[in-house]
Amino acid sequence: MNKLFICLSLFVVLGAGFGSIKGQAPALIDRELIFGNPEYAGAQISPDGKYISFIKPYKDTMNVWVKGFDEPFTAARPVTADTARPVRQYFWSRDGKYILFVQDKGGDENFNVYAVNPADKPASGSDVPTARNITDTKGIRATIQSVPDSDPDAIYVGINDRDKAWHDLYKVKISTGERTLISENKDRYQDMIFDNADKLRLATRAAQNGDNEVLKIGTDGKATKIYECSVFETCGPIRFHKDNKRVYMQTNKGGSDLIELVLMDAESGAVTKVEGDPLGKVDLGNAVFSDVSDELVATIYEEDRERFYFKDKEFEKVYNDIKKRVGDRDVSLGSSTKDEMKWIVVTNSDVDPGTVWVYDKKSKNLSTLYQVREKLDRKALSPMKAVKYKSSDGLEIPAYLTIPKGSTGKNLPTVLFIHGGPWGRDSWGYHSYAQFLANRGYAVLQPNFRASTGYGKKFLNAGNNEWGQKMQDDITWGKKYLVEQGIADPNKVAIMGGSYGGYATLAGVAFTPDEYAAGVAIVAPSNLETLLKSIPPYWEAIRETFYKRMGDPRTPEGLAQMKRQSPLTSADKIKTPLLVVQGANDPRVNKRESDQIVVALQKRNYPVEYLVAPDEGHGFARPVNNMAMIAASEKFLARHIGGRFQDSMTPAVGKRLSEITVDPKTVTLDAPKADNTASAGPAADVAGKWTMSVDAGGQIIDLEVELKQTGADFIGTMASHLGAGTIEKGKVAGSAITAIMQDDVQGQPTTIAVNGKVEGDKMNGTLDVPGIGVVPFTAVKNK
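Just so it is clear, the structure is predicted and the values come from calculations on it, not from any experiment. (Residues numbered from 1 in each chain as written. Predicted model: local features only at pLDDT ≥ 70, side-chain atom pairs only at ≥ 80, totals over all residues. Heavy atoms only, no water.)

What follows deals with the packing of helix H5 (residues 470–484) against helix H6 (residues 500–511). Axes are the key here: two packed helices are described by the angle between their axes and the distance separating the axes. As a packed pair, H5 and H6 sit with axes 11 Å apart at the nearest point and diverge in direction by 80 degrees. Overall, the two elements H5 and H6 adopt an arrangement that is roughly perpendicular. Only Tyr500, Ala504, Ala507 and Gly508 of H6 make contact with H5, whose side of the interface consists of Met471, Gln472 and Ile475. When the residues that make up the contact of H5 with H6 are grouped by side-chain class, the tally is five nonpolar, two polar and no charged. (Axes fitted to C-alpha atoms, helices over the stretch in contact; angles between N-to-C directions. Helix = DSSP H or I, 4+ residues; strand = E, 2+ residues; numbered from the N terminus. Parallel < 35°, antiparallel > 145°, perpendicular 65-115°, else oblique. Contact = heavy atoms within 4.5 Å. Nonpolar A, V, L, I, M, F, W, Y, C, P; charged D, E, K, R; others polar.)

This is how it looks when you write it as structure tokens:
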């Protein structure tokens, strides 16, 4: 709940406003109403229907609360009390006895699973019952694999304590935290699939070459591959059919461009098509099932908006009954009672962040539970519409456009807001940033550039190796489209986004420096080489996918491509005002990515603004951090492209903004780190003597290398006419190797990061040499 509400008449509004004004512009919306803690969120109904749970603030941090089904919200009581970080995901155990949730520390994404019994009395000196960490391991990432119906006091969890790259499968007793090892993961498994009787039947894995495989697991634990598709295709199990012999799968293997729904025989791998998009335009988006009958209820396809195709008449009646009552809003069914007679229903639209209801299937009663962000004036929000335009090579790009309410829609300051991924998409509906920016007077374009998902594999694969190139063209041509339509003022266009959207922001200002008047880059990769070196160890399964879709740093051609596509390489061309935002604990886009671009600009004495939150990761979760970032961003945009902004902020936000604002002159770069994400597994044999050739800018340097290997670890020595050194911390995972060279080059100690790939008696890769950069090498094992 917001502690401070400021009368709109006291807002200080600066900037050029809305361009041409058609009518009365909506009042400036307090940023707290859009980005602050909502009053209520995440409602669920307990399996027995006795309780409603939801998330609301406890001491200004979102936590889980519970109330009786018929009780008012004022009677609700908190069951979690984490004041350091919001609880954002939770669910009920099958028997409704426990609430389970996951939590990390400071955004490091090392999640543990916690359980709390809402019926327990508060612990001594606390307002809540004790929440127990039932995976209770430091520095690991627990992944929930299955919640068995046959044993409600258990969950199956993947835990990467033995090997950071791979999750072993455990059965964990919820009531005690007792853990039983089911299987060690030494075969690159990603997901374990249980059947309707809660028996482990299938697994998925990424092959060494990046291809996707589905394996059947025998009663003896032996795995046999029964289905596969290439790294550039999509395939994988969804849920077992009610006969428990076949499994529903999604796939676009072979000649199919679009992802379709198929049934696969769980023994033979034979497939039969169930359905593709009836309109032949987009991928299968989702398949909905009944937990009571195990029947397929509906399929969903998302084009400009979602389309439902029902397979169950009763569910179709429920959906249509609700749809008639709520009008032109999207309808989604949330949690339900175990007998599926009562449902949590969520409705929303582009100008409605949502209303949450309870639907009684027997009585057909639809009662309002709460309105999401109820203090936010829906009438002040701006509609979103789907648009399409052609890119540089004629490819049609789908996008969403939001025009500020009250404007003529012409000659507007504009923000291109770029989604992350990049293998994801934007969708029609309520979007916090789109509404916030539109309220500040900006037209907002959200392009689904090539490599976005949902539009078929040709569209997806058109983005392969095109970071900063045709993928960036799709964004640039979005600006051109808006200018041609008379919507955007060509001199007042900004680019903004997080993760890949942050990369696109940096690429936009580095590769097309005349296009943008401002850029806001949030958790943004600046150097594709260092990005792939620092990915989390538990992404090892998809490392080869990154190399195939982004570029392979193990080859000279791939390395050259990635250097060319790295905004850092073209930092000397940047002449656009830039705000960089980073979480210090980000495991995906390491802080060094932001530091590098800030240092590069600082060396030119080019002004750059920098925010670093020490208690955040890949994006900001704590409201005070998020609010500080939003406040800085809107003032930055207003200064450079002329929209409105809210000058006021709460004392807590003002204090936090001061704390996370970094003077770019104080930023320094740590020594380059080796890619130590490689781990145990089927390891290549690197032991022996090798002759290595290093291409240092056209000068070939030969080194004699001798390696000693124990399992997946190795050490060694190296020597050349320039000096000698040691090789430490060597790791082998499959064919991938990483290590640190401690070299003495003409009397100067030098630490060099090694990354490579072994193919029999040959090796190739890169050395990251301080002061020189990344250089390629090849090696041949001596006979």
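There's plenty left to go through after this.
Okay, the pattern of salt bridges next. As enumerated under the stated definition, the model contains 54 salt bridges in all. Residues lysine 281 and glutamate 303 are paired through a salt bridge, measuring 3.4 Å at the closest nitrogen-oxygen approach. Taken together, the positions of lysine 281 in the loop between strand E20 (271–275) and strand E21 (284–289) and glutamate 303 in the loop between strand E22 (296–302) and strand E23 (306–310) put the pair 22 residues apart, joining distant regions of the chain. Here lysine 281 falls in the partly exposed class, since its relative accessible area comes to 47%. Where lysine 388 meets aspartate 304, a salt bridge forms, and the shortest distance between an N and an O atom there is 3.3 Å. Of the two residues, lysine 388 is situated in strand E28 (residues 384–390) and aspartate 304 in the loop between E22 and E23; the sequence distance between them amounts to 84 residues. On the basis of relative accessible area, lysine 388 is assigned to the partly exposed category, the value being 38%. Residue classification places aspartate 304 among the partly exposed residues on the basis of a relative accessible area of 31%. If you follow the salt bridges from partner to partner, you end up with Asp615, Arg622, Lys655, Arg656 and Glu659 in one network. (Salt bridge = Lys/Arg side-chain N within 4 Å of Asp/Glu carboxyl O. Buried < 20%, exposed > 50% of the residue type's maximum accessible area, 1.4 Å probe, protein only.)

A separate point is the sheet that holds strand E18 (residues 246–251). Across the sheet, which stays open at both edges, the four strands sit in the order E17-E18-E19-E20 with antiparallel pairing between neighbours. Sheet topology places strand E17 (235–240) and E20 at the edges, where each strand pairs with a single neighbour. Each neighbouring strand pair of the sheet contributes to a mean axis angle of 35 degrees, computed without reference to strand direction. Taken together, the six bridges between E18 and strand E19 (residues 260–265) define a ladder with antiparallel strand orientation. Within E19, the residue paired with tyrosine 248 across the bridge is leucine 263. (Pairing = 2+ DSSP bridges.)

Turning our eyes to something else, we now look at the sheet that holds strand E25 (residues 342–349). Pairing is antiparallel across the open sheet formed by four strands, whose spatial order is E24-E25-E26-E27. Only two strands of the sheet have a single partner each, and these edge strands are strand E24 (330–336) and strand E27 (365–371). Adjacent strand axes in the sheet meet at a mean angle of 30 degrees, parallel and antiparallel pairs treated alike. Examined bridge by bridge, E24 and E25 share five bridges and lie antiparallel to one another. Each residue of the ladder has a partner; that of leucine 333, found in E25, is valine 345. Helix H2 (residues 313–326) contacts E24, E25, strand E26 (352–360) and E27 of the sheet and is inclined by roughly 125 degrees relative to E24.

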